[in-house]
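# Per-entry structural report
What follows is the residue order along each chain.
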Amino acid sequence: MYLRPAAAAFRVHLRNTLARPLFQIMLFVQPFTMVLLTHYVYGHAGSGASFYVMFGSGMSGMWVATAFSSAGDLGRERGYGTIQPVLASGVPLWVVSAGRACGALALSVVPVVTSTLASVFVFRTPVPDELSVVGMLLGVAAFGIGCHSFGLVLGHLFLLSRRTVVLQNFLEWPLIIVSGVIVPLTALPTGVRWFSAVLPMRWGTEAAERSFSEGVIPWPLLGAAVGIAAIYFAAAVALSHAIERRVRTTAGLEVI
Amino acid sequence: MGTPAIEVQGLTREYRTSTGLLRRTARVIPALRGITLTVEPGEIFGLVGPNGAGKTTLIKILTTLLLPTSGQARVLGYDVVSGHRRIRRSINFVYGGERGLYWRLSAEDNLRYFADLYQVPLREANGRVRELLELVGLDDRRQERVEGFSKGMKQRLHLAKSLINRPRVLFLDEPSIGLDPVAARQLRVLVERVRSESGTTILLTSHYMWEMETLSDRIAVLIDGSIRHLDSPQGLRLAAVGSHVVELVLGDDAREETLRAWAGRFGQVVSATASGRRLLQVHTSRPDELNADLATRKLSGIAHFATRDSQLEDAYVLMVEGA
């Protein structure tokens, strides 16, 4: 029933985003910078740290492109004055935001691919022999699904109040670190590991990392990532209904 | 008699705001204070009033983007609080200004997106987009990005977007704001065409009184959240001003009080200035008597005078200033 509006939101997100010079840099240039940085940080740590060079950069790019781009996108829609006509069309807000987040997810494959290619062909990052490509792909996909659902929750929360938007930049890097994409999960302080456990991205990262270093397909980790993502998605849907009612009460969708 | 297009009873809306950084003080600002009105199907209903009178708040409630604080509002028979999903399918709106479009997309892509959101049947959607772009005169610019459009073009695209779902009720909130006279006229022609061709009910707001007078079947004057006057444009004009306005331009030697006393016999007299000269405006429905009397008397101090039909703007200024 809502497939068509969601697909339309997907297309609009692709077109709108690709037209933004800032996003073009984020998609096509930033991954190289990140690979360069991680290469110098982990370059001498041997193949045990190769995952963070090859995929950490791309997956952090995926996180920024999906979770933060789609969350910020809802705020931008408010700024453009388009969120009111979208809401007034009768399509539930979560359908449109989920469609847009899928668009962001599709685009976020670009930094993963470019940073992986850069690390393999430019920086000659060592790859373990026992690597499971299928497990890796599934892990990255689970990570992406986690970004999508988590980004939906964030995006809807950002709509609640203009003040919450300031959290957007504040949260970006701490969440990347807590997801274990750039820094190994084992290096995180024990106190924050419990927090990372409730993030679907963390389980996707761990699944990808295990497939990379041990050559296995860690189904329980993949299941945890997708299961937690599903909970976030359900929360985003419930939140969107509550938010819709709240913004109708508080006039919170006015153009800023 | 059928279901009214819009039915509002005792509608109120308050905004809560707070001031202060450390010690926040909450304030309640009443925007609507017990609005009651009915708009019949196919009617063009005008809503005028000064800035902050509550026009946009009323439209946002009727378009289901805001909830009322109390009272009832129904659009096409559905309650705006509980039946908002049903209402949304059958209405659309234009809010004045350039926002509300995707500037990085083309005109065609903007319309196609909203056709998808409103789930216009697929076999109709492309034709509908083309037809609307033609209607608003943008068919030759359909593939250009909106960011390159003039204000008038954006406003016409807004109107096209608002017609994508063939709405039964259309809300136009200051659709001609900022438009040049030619673009504003084109927009008025379009609005008239929409009503005559599809019988769409239109609720319109504008600060341009001649526009409201030309388009509206009835007009409500909203002041400080309440409807103070509600009638046809002509009814409002006649009740507040009379049929004519006689403007007496006063010379330097004019004794204003004497002239006011004389003119007051024919209607209400208002002092004004125009191009640095003092002016008395006589609102009257007996301009012939006034002119005849003026011809027979030797009244000094009148440099020249002119008689014209009264306009809605004359009535509006009186209503707002007298409120």
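Predicted model, so just to flag it, every value in this text is computed and none were measured.

What follows is about the overall build of chain A. Scanning chain A for helices and strands turns up 12 helices and zero strands. The linear arrangement of helices and strands in chain A, starting from the amino end, is α-α-α-α-α-α-α-α-α-α-α-α. Computed over the C-alpha atoms, the radius of gyration of chain A is 18 Å, within 12% of the 18 Å expected from 2.2 N^0.38 for a compact globule of 256 residues. Taken along its principal axes, the extent of the C-alpha atoms in chain A is 55 × 35 × 35 Å. For chain A, with 256 residues in total, the buried portion stands at 58%. Across chain A, contacts joining residues at least 24 apart in sequence account for 81% of those joining residues at least 6 apart.

Glancing now at the sheet that holds strand β7 (residues 169-173) of chain B. All names here are of chain B. Read from one edge to the other, the open sheet built from six strands follows the order β6-β7-β8-β3-β9-β10, with strand pairing classed as mixed. Taken across any chain shown, the strands that pair with only one partner, and hence form the sheet edges, are β6 (91-95) and β10 (226-231). Strand-to-strand twist across the sheet, computed as the mean angle between neighbouring axes with direction ignored, equals 15 degrees. Relative to β10, strand β9 (residues 218-223) is paired through five bridges, and the arrangement is antiparallel. Within β10, the position partnered with Ile 219 by the bridge is Asp 231. Packed onto the sheet, helix α8 (residues 233-240) meets β9 and β10 and runs at close to 105 degrees relative to β10.

Residue and element names in this part refer to chain B. Located in the positive-phi region is Gln 119, a residue other than glycine, with phi close to 55 degrees. Locating Gln 119 in the fold gives a position in the loop between α3 (107-117) and α4 (122-135). One non-glycine residue, Asp 224, adopts positive backbone phi at about 50 degrees. The residue Asp 224 is located in the loop between β9 and β10 in this model.

Residue and element names in this part refer to chain B. Read across the open sheet, the four strands follow the order β12-β13-β11-β14; overall the sheet is antiparallel. Of all the strands in the sheet, just β12 (268-274) and β14 (302-309) have a single pairing partner and so form its edges. When the angles between neighbouring strand axes are averaged without regard to direction, this sheet yields 25 degrees. Strand direction decides the pairing type here: strand β11 (residues 244-250) and β14, joined by seven bridges, are antiparallel. What sits directly across from Glu 247, in β14, is Ala 306.

Turning next to the domain arrangement of chain B. When the parts of a complex come together, some accessible area is lost, and that lost area is often used as the size of the interface. All names here are of chain B. Domain assignment breaks chain B into domain 1 (6-231) and domain 2 (241-321). In this structure, domain 1 and domain 2 have C-alpha centres spaced 38 Å apart. Counting residues at the interface gives 10 residues for domain 1 and six residues for domain 2. Put simply, domain 1 and domain 2 have two residue pairs in polar contact (both at pLDDT 80 or more) between them. Secondary structure elements with two or more residues in the side of domain 1 that touches domain 2: α7 (209-215) and β9.

The rules behind each value
- Residues numbered from 1 in each chain as written.
- Chains lettered and ligands numbered in written order.
- Predicted model: local features only at pLDDT ≥ 70, side-chain atom pairs only at ≥ 80, totals over all residues.
- Heavy atoms only, no water.
- Helix = DSSP H or I, 4+ residues; strand = E, 2+ residues; numbered from the N terminus.
- Rg over C-alpha atoms; globule rule 2.2 N^0.38 Å.
- Buried < 20%, exposed > 50% of the residue type's maximum accessible area, 1.4 Å probe, protein only.
- Contact = heavy atoms within 4.5 Å.
- Pairing = 2+ DSSP bridges.
- Axes fitted to C-alpha atoms, helices over the stretch in contact; angles between N-to-C directions.
- Domains from an automatic or database assignment.
- Polar contact = N/O pair within 3.5 Å; in protein donor to acceptor, adjacent residues only side chain to side chain.

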